[in-house]
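Okay, here's what each chain looks like letter by letter:
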There are 2 protein chains.
Amino acid sequence: MWVAPNRVIRAAVGRRRGDAGLGTRSWYRGRTIAILNIAMTKVRSVPYAEIKIGDRAEFVRQVTEGDVRSFALLSGDTNPVHLDEAYAKTTPFGGRIVHGSLMAAHISAALATKLPGPGTIYLEESLRFRRPARIGDVLTTTLVVEEKRDDRKFVRFEAQVTNQDGTLLATGHALVLAPSERIEVELPERP
Amino acid sequence: MWVAPNRVIRAAVGRRRGDAGLGTRSWYRGRTIAILNIAMTKVRSVPYAEIKIGDRAEFVRQVTEGDVRSFALLSGDTNPVHLDEAYAKTTPFGGRIVHGSLMAAHISAALATKLPGPGTIYLEESLRFRRPARIGDVLTTTLVVEEKRDDRKFVRFEAQVTNQDGTLLATGHALVLAPSERIEVELPERP
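Predicted model only: the values in this text are computed from it and were never measured.

**Quick notes on the pairing of strand S3 (residues 121–129) of chain A**
So, step 1. Here S3 of chain A pairs with strand S6 (residues 168–177) of chain A via eight bridges, running antiparallel. Bridge pairing in S6 of chain A places Leu-127 of chain A opposite Gly-172 of chain A.
So, step 2. As judged from the five bridges shared by S3 of chain A and strand S3 (residues 121–129) of chain B, these two strands associate in the antiparallel manner. Across the sheet, residue Leu-127 of chain A finds its bridge partner in S3 of chain B, namely Glu-125 of chain B.

Set out below in structure tokens:
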């Protein structure tokens with residue numbers, strides 16, 4: 001039954017007529033079921049001119065088992081330290097850890113959905129993975145505006161990712177091109 | 001019909017009894033169908049002691065429509081420049097672009113599956129996104145060993161991502177903790 005799922009995907013990822021195809025039917029099926037219970041929320045970007053040094057934004061997200069396995073399959077990063085508990089137990093981590101790149105993706109998500117928000121273009125990132133995230137961790141990504149460059153509409157952020165215990169897992173910086181005008185989009189919101 | 005898909009996932013991501021659960025049934029279904037046609041391949045890591053300055057490795061992967069939409073949903077990075085063709089046409093890119101973080105994930109995948117390979121721990125990354133990747137692009141991630149630190153088994157790589165036309169899309173550096181001994185794992189291989 002494809003019609004309803006298809007509508008759900010449209011709503012969830014802003015698909016429109018004229019947009020590129022969604023790829024395989026199998027992809028439809030998996031994604032659609034996965035997002036059926038995701039609430040939608042309107043997100044507005046903060047235009048470059050309204051961004052001030054010291055502005056902060058937070059992005060909170062739990063890393064699920066499915067996130068780690070999906071990330072492994074779509075990126076090709078099938079490192080057993082992320083996927084194989086028996087192997088991971090033999091490492092200094094004593095169990096599986098979340099891909100560092102998934103924390104990097106949360107920073108990108110914070111930039112794209114919180115500050116500056118929709119329409120932001122990612123230019124540079126530098127990240128240090130200090131401690132591993134574990135599956136089930138609720139990660140908080142915090143962004144702080146540290147620099148603006150008016151001639152190019154570039155904004156430089158300090159970024160950090162902490163877990164539910166307040167432990168600092170990743171720190172770094174991100175340089176983005178901020179949108180010139182306010183953009184509002186409907187985005188899926190994961191509980 | 002869950003038994004066969006379940007076996008496929010075990011094979012594809014090295015799942016074992018005692019390993020954590022695979023999460024939601026919906027995730028099973030989507031992922032399983034998606035990886036049914038992925039061949040398996042044995043991958044060996046290169047232990048720290050065998051890595052030499054100047055050693056190179058390549059990781060080639062095509063970015064699919066499903067990759068971009070899956071990445072958006074699992075990371076929360078639902079920036080319309082990646083998902084909404086109508087919006088993306090109004091940007092300087094003239095159409096949708098691939099998440100920069102997905103190129104960063106390819107670099108992580110190259111480190112985890114090519115050099116040093118399985119068991120590698122990602123410590124630091126710095127990346128500059130020079131040009132956008134497009135959906136359907138065949139991306140080649142190239143790693144070159146530029147520095148080793150014997151006391152900590154750290155290896156520093158120069159990394160770059162190019163498309164099928166040889167255009168340089170992303171450049172940067174990655175610092176990893178290399179495995180001490182050779183690890184061999186079965187990994188899914190995507191055509």
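**Regarding the side chain of His-106 of chain A**
So, step 1. Tracing the sequence through the fold places His-106 of chain A in helix H6 (residues 100–113).
So, step 2. Among residues more than four places away in sequence, those in contact with His-106 of chain A are Phe-59, Arg-61, Val-63, Leu-139 and Thr-141 of chain A together with Ser-75 of chain B.

**What to know about the confidence of the model for chain A**
Residue and element names in this part refer to chain A.
So, step 1. Chain-level statistics for chain A give a pLDDT mean of 81 and a share of 77% at 70 or above.
So, step 2. The model gives residues 1–37 a pLDDT under 50, and that stretch makes 71 contacts with residues more than four places away or in other chains.
So, step 3. The ipTM, which scores confidence in the relative placement of chains, is 0.77 for this predicted complex, and the corresponding pTM is 0.79.

**Quick notes on the packing of H6 of chain A against helix H3 (residues 65–75) of chain B**
When two helices pack together, their arrangement is captured by the angle between the axes and the distance separating the axes.
So, step 1. At a closest axis distance of 9 Å, the pairing of H6 of chain A and H3 of chain B adopts a crossing angle of 85 degrees. Taken as axis vectors, H6 of chain A and H3 of chain B run roughly perpendicular relative to one another. Along the contact surface, H6 of chain A presents Leu-102, Ala-105, His-106 and Ala-109 of chain A, while H3 of chain B presents Phe-71, Leu-74 and Ser-75 of chain B.
So, step 2. Considered class by class, the residues forming the contact of H6 of chain A with H3 of chain B number five nonpolar, two polar and no charged.

What counts as what
Residues numbered from 1 in each chain as written. Chains lettered and ligands numbered in written order. Predicted model: local features only at pLDDT ≥ 70, side-chain atom pairs only at ≥ 80, totals over all residues. Heavy atoms only, no water. Pairing = 2+ DSSP bridges. Helix = DSSP H or I, 4+ residues; strand = E, 2+ residues; numbered from the N terminus. Contact = heavy atoms within 4.5 Å. pLDDT = per-residue confidence, 0-100. Axes fitted to C-alpha atoms, helices over the stretch in contact; angles between N-to-C directions. Parallel < 35°, antiparallel > 145°, perpendicular 65-115°, else oblique. Nonpolar A, V, L, I, M, F, W, Y, C, P; charged D, E, K, R; others polar.

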